[in-house]
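# A structural walkthrough
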Amino acid sequence: MARAHRFCLPTALPLGLLLLLALMASTAESSPASSATSASSGSTVLVKDVAADNEEPWWHHAVIYQIYPRSFKDSNGDGLGDIKGITSELQYLHDIGVTAVWLSPFYPSPQADFGYDISDFKNVDPNYGTLDDFAEMVKKTHDLGMKVVVDLVPNHSSDEHEWFKASAKGDDKYKDYYVWGVGTGTGADGKPNPPNNWVSHFRKSAWEWNEERKAYYLHQFAVKQPDLNYRNPLVVQEMKDVFTFWMKQGVDGFRVDALPFLFETADLTQDEPKAVNPSPDLDEMDYDFYTHPLTMDYPETYDMLHQWRELVDNFSAEKRVIMTECYTTFDKTIEYYGTKEKLGAHFTFNFQLITSLNKSSLATDFKKTIDTWMMAMGDWRWPNWVIGNHDNSRVATRYPEMADAMNMISLTLPGTAMTYNGEELGMTDAFISWSQTKDPQALNTDPTRYLRVSRDPCRTPMQWDDTTSAGFSTSASTWMPTNPNYYELNVKKELATPKSHINVYKDLTSARKTETMKNGDYSTAVIGENVLAITRSLKDADTYITLVNVGSWEETVKSASLSQSALKVYTAGVNSKLTKGSALPESFVIRPKEGVVLTTGNPNGGSAAPTVQAAMLLTLLLPLLCLQN
């Protein structure tokens, strides 16, 4: 009887060792080389000099997923999202490629601004759960290899915080914890007039009379959000203690809210100047009716951020991130990174894809916006990309038919990518009537104006399936109405549909794991009139090319103009007629608002270059093999 053949190797060099050497060699050949920044008129190329993966901070190349706790998942059927609900869906987030979760405020709060008015900085609101629930969530997140970032709101507290109650009473320790001002003259109501003309972000005066203290307190946001006084060293220490408390709970970083407003001029008699040619639909009670040199971006704010950076960096050997929210001018935003000698944020949010672009923007506008941010990063700042959050209309609403295209831009550019919950499935804003409105910013207007400023439409419950309340809750009554389109647009259906927003998103997060996306060069170009091209390339590794047609007409693209190598479709948006994995024809049409990612490698996963190199090395090793009968 014939015996089966088997392979063997000389005993001095086992097959396993040879395979390991081949794999190590192929990996080494695909390692990136650092370079410098360069630019040309046709495109801008920036090569980041980054450390090896095992030395890099975890947030480099991360996909950080913002969870709005009220709207993510309800575990107990009360119509309100909670911590246990978040824990129940962590596996889903891991499976779609998320590497860190960021929780909007979950602290005890009267909910005047839905958690951004905090009455206890060191606990969990009972409506969301307990500290034990939080600890369980952190553990499971870490067990899945993901990180946890929490919102920190240092500019203000709730007026129901014990600090404010004591301050209003004039308690010796707490009397200067907040910004108090004396009034001027006497108003029609018999009370003094406010100290100055400062206006809240939520409209109307930023000053509120406190009858117990017989003085005004500053609130740059809602009336129930009094501003803390950081010229008081006791307040400075209190907030450092808050950072330390949550680091001891195991969190991996902080998103710092409303940072530019931390300090204001000490001279409260000064008025803010009127804006030059304010919009005719604004009046003296609107925030944008004025400019705000007296209440934003003070030098002391940058110094306070530096102190927090030192605290976080020195807390332990584990690397933690500070990312900051700074809606301010471009130059001031970049300043929040600090300097090489005096570090600020690890990165400050890049809102340029929200504030500088819209559905009418041209491909040249996209290119300029992206390149301007990347050039501002220099040789040490870390880039990031934000396309949506809880304060802005959803990206699929702001850019109709471009949900996939915008995710492609965000997830294929160098740096950290941010995803607001629901963006991976193309969730859109819901219509919220005046009678349903809960956002204090909207309620400070009237039924004819509220839709311009309301943040409720982007905060509707996460759409999990087509059951009651979109699977967000077992209750038919939820804190905010569910978007009616949940019957068609939900996680369950999209996961089961090969060409869906979620599956495109998963393709993109997989691509981010490649050496090219982590360490490759980037360049941008405009093809024709409407197509933005983003190219990511790395020596001895696959190239990826993102194409987005921002226009309203079809554009024909020649594949030879993109690459000298053969290209395949890595992933294509739901509005594309191109098919994932297919070879790219010499000439193809890209539809209006379509996004597509092309590659020189294997669209089904893995890098072609290292695979070929490993195969060649194994071929060289074949003479060492012997056949034994």
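Residues numbered from 1 in each chain as written. Predicted model: local features only at pLDDT ≥ 70, side-chain atom pairs only at ≥ 80, totals over all residues. Heavy atoms only, no water.

Going by what an unreviewed UniProt entry lists, the chain is known as alpha-glucosidase and is assigned to Frankliniella occidentalis. UniProt's Catalytic activity (unreviewed entry) comment on the chain is quoted here verbatim: "Hydrolysis of terminal, non-reducing (1->4)-linked alpha-D-glucose residues with release of alpha-D-glucose." Per UniProt, the chain has the following entry under Sequence similarities (unreviewed entry): "Belongs to the glycosyl hydrolase 13 family." (UniProt positions renumbered as here; feature names shortened; annotations may be inferred.)

### Topic: the overall build of the chain
Counting its regular elements, the chain contains 19 helices and 22 strands. Burial statistics for the chain: of 629 residues in total, 57% are counted as buried. Split by element, the accessible area of the chain, about 26100 Å² in all, is 54% carbon and sulfur. (Helix = DSSP H or I, 4+ residues; strand = E, 2+ residues; numbered from the N terminus. Buried < 20%, exposed > 50% of the residue type's maximum accessible area, 1.4 Å probe, protein only. Areas by Shrake-Rupley, 256 points an atom, 1.4 Å probe, with all protein chains shown as cover.)

### A look at the packing of helix 7 (residues 233-248) against helix 8 (residues 299-315)
At a minimum axis separation of 11 Å, helix 7 and helix 8 run at an interaxial angle of 30°. As summarised for this structure, helix 7 and helix 8 are arranged roughly parallel, according to the angle between their axes. Classified by chirality, the crossing of helix 8 by helix 7 is right-handed. Listed contacts from helix 8 to Val-236, Met-239, Lys-240, Phe-243, Thr-244, Met-247 and Lys-248 of helix 7 are Met-304, Gln-307, Trp-308, Leu-311, Val-312 and Phe-315. Classifying every residue of the contact of helix 7 with helix 8 gives nine nonpolar, two polar and two charged. (Axes fitted to C-alpha atoms, helices over the stretch in contact; angles between N-to-C directions. Parallel < 35°, antiparallel > 145°, perpendicular 65-115°, else oblique. Left-handed = near helix turned anticlockwise from the far one by under 90°. Contact = heavy atoms within 4.5 Å. Nonpolar A, V, L, I, M, F, W, Y, C, P; charged D, E, K, R; others polar.)

### Re the side chain of His-306
Here His-306 shows up in helix 8. Here the side chain of His-306 touches Leu-343 through a polar contact of 2.9 Å, landing on its backbone oxygen. Discounting residues that sit within four places of it in the chain, His-306 has contacts with Lys-342 and Leu-343. (Polar contact = N/O pair within 3.5 Å; in protein donor to acceptor, adjacent residues only side chain to side chain.)

### Side note on the sheet that holds strand 9 (residues 215-218)
Pairing is antiparallel across the open sheet formed by three strands, whose spatial order is 7-9-8. Edge positions in the sheet fall to strand 7 (180-181) and strand 8 (207-210), since each of these pairs with one other strand and no more. With two bridges joining them, strand 7 and strand 9 adopt antiparallel strand pairing. Along strand 9, the bridge assignment pairs Gly-181 with Tyr-216. (Pairing = 2+ DSSP bridges.)

### Some remarks on the sheet that holds strand 21 (residues 595-599)
Remark on secondary structure: sheet strands pair via backbone hydrogen bonds, oriented parallel or antiparallel. Spatially, the five strands line up as an open sheet ordered 15-16-17-21-19, and their pairing is antiparallel. Edge positions in the open sheet fall to strand 15 (521-527) and strand 19 (568-572), since each of these has one partner strand only. Adjacent strand axes in the sheet meet at a mean angle of 20° when their direction is disregarded. With four bridges joining them, strand 19 and strand 21 adopt antiparallel strand pairing. Bridge pairing in strand 21 places Thr-571 opposite Val-597. Against the sheet, helix 11 (residues 363-376) contacts strand 15 and strand 16 (531-537), and its axis sits at roughly 160° relative to strand 15. Contacts between helix 13 (residues 403-412) and the sheet are confined to strand 16, strand 17 (544-549), strand 19 and strand 21, with strand 21 contributing the most and set at about 45° to the helix.

### Re the packing of helix 13 against helix 17 (residues 501-511)
Between two packed helices, both the angle of their axes relative to each other and the distance between the axes serve to describe the pair. Where helix 13 meets helix 17, the axes come as close as 10 Å, and the angle between the chain directions of the two elements is 15°. Taken together, the axis directions place helix 13 and helix 17 in an arrangement best described as roughly parallel. Between helix 13 and helix 17 the crossing geometry is right-handed. Residues Ala-403, Asp-404, Asn-407, Met-408, Leu-411 and Thr-412 of helix 13 form the contact with helix 17, whose own contacting residues are His-501, Val-504, Tyr-505 and Leu-508. In terms of residue class, the contact of helix 13 with helix 17 is made up of six nonpolar, three polar and one charged.

### Comments concerning helix 11
For helix 11, spanning 14 residues, the distance from its first C-alpha to its last is 20 Å, which sits close to the expected 20 Å at 1.5 Å a residue. Where helix 11 is concerned, the buried positions are Ala-363, Phe-366, Lys-367, Thr-369, Ile-370, Asp-371, Trp-373, Met-374 and Ala-376. (Expected span 1.5 Å × (residues − 1).)

### Remarks on the pairing of strand 11 (residues 321-324)
Neither face of strand 11 is left uncovered, since the one carrying Val-321 and Met-323 and the one carrying Ile-322 and Thr-324 both have all their residues buried. With two bridges connecting them, strand 11 and strand 12 (residues 347-348) associate as parallel partners. Residue pairing across strands places Met-323 opposite Phe-347, the latter belonging to strand 12.

### Considerations on the environment of Ile-502
By the element assignment, Ile-502 lies in helix 17. Among the residues examined, Ile-502 registers a relative accessible area of 0% and is labelled buried.

### A closer look at the nonpolar core
Among the nonpolar cores identified, the biggest contains 100 residues, and Leu-93, Phe-106, Phe-134, Tyr-230, Phe-243 and Trp-308 are the most heavily contacted of them. No other element matches the seven residues that helix 7 contributes to this core. The residues contacting Phe-134, other than those within four sequence positions of it, are Ile-83, Leu-103, Phe-106, Val-124, Val-150, Trp-246, Gln-249 and Val-251. Core analysis: the second largest hydrophobic core is formed by 41 residues, Ala-62, Ile-370, Met-374 and Val-386 among them. (Core = buried A, V, L, I, M, F, W, Y, C linked by side-chain atoms within 4.5 Å.)

### With respect to the pattern of salt bridges
Within this structure, the stated rule accounts for 28 salt bridges. Note that Arg-203 and Asp-286 form a salt bridge whose closest N and O atoms lie 3.1 Å from each other. One end of the pair, Arg-203, is in the loop between strand 7 and strand 8; the other, Asp-286, is in the loop between strand 10 (253-256) and helix 8, with 83 residues separating them in the sequence. Of the two residues examined, Arg-203 and Asp-286, each falls in the buried class. Note that Glu-300 is salt-bridged to Arg-231, the shortest N-O span being 3.3 Å. Taken together, the positions of Glu-300 in helix 8 and Arg-231 in the loop between strand 9 and helix 7 put the pair 69 residues apart, joining distant regions of the chain. We classify Glu-300 as partly exposed; its relative accessible area is 31%. Via salt bridges that share partners, Asp-113, Asp-391, Asp-439, Arg-455 and Arg-459 belong to a single interconnected network. (Salt bridge = Lys/Arg side-chain N within 4 Å of Asp/Glu carboxyl O.)

### Observations regarding helix 17
Judged by how many residues are buried, helix 17 sits mostly within the fold: nine of eleven residues are covered. Those residues of helix 17 that fall on the buried side of the exposure criterion are His-501, Ile-502, Asn-503, Val-504, Tyr-505, Asp-507, Leu-508, Thr-509 and Ala-511.

### Considerations on the environment of Glu-554
Relative to the helices and strands, Glu-554 resides in the loop between strand 17 and strand 18 (555-558). Put simply, Glu-554 and Lys-593 are 39 residues apart on the chain and 9.0 Å apart in space, counted from C-alpha to C-alpha. Setting aside its immediate chain neighbours within four residues, Glu-554 contacts Asn-549, Val-589, Ile-590, Arg-591 and Pro-592.

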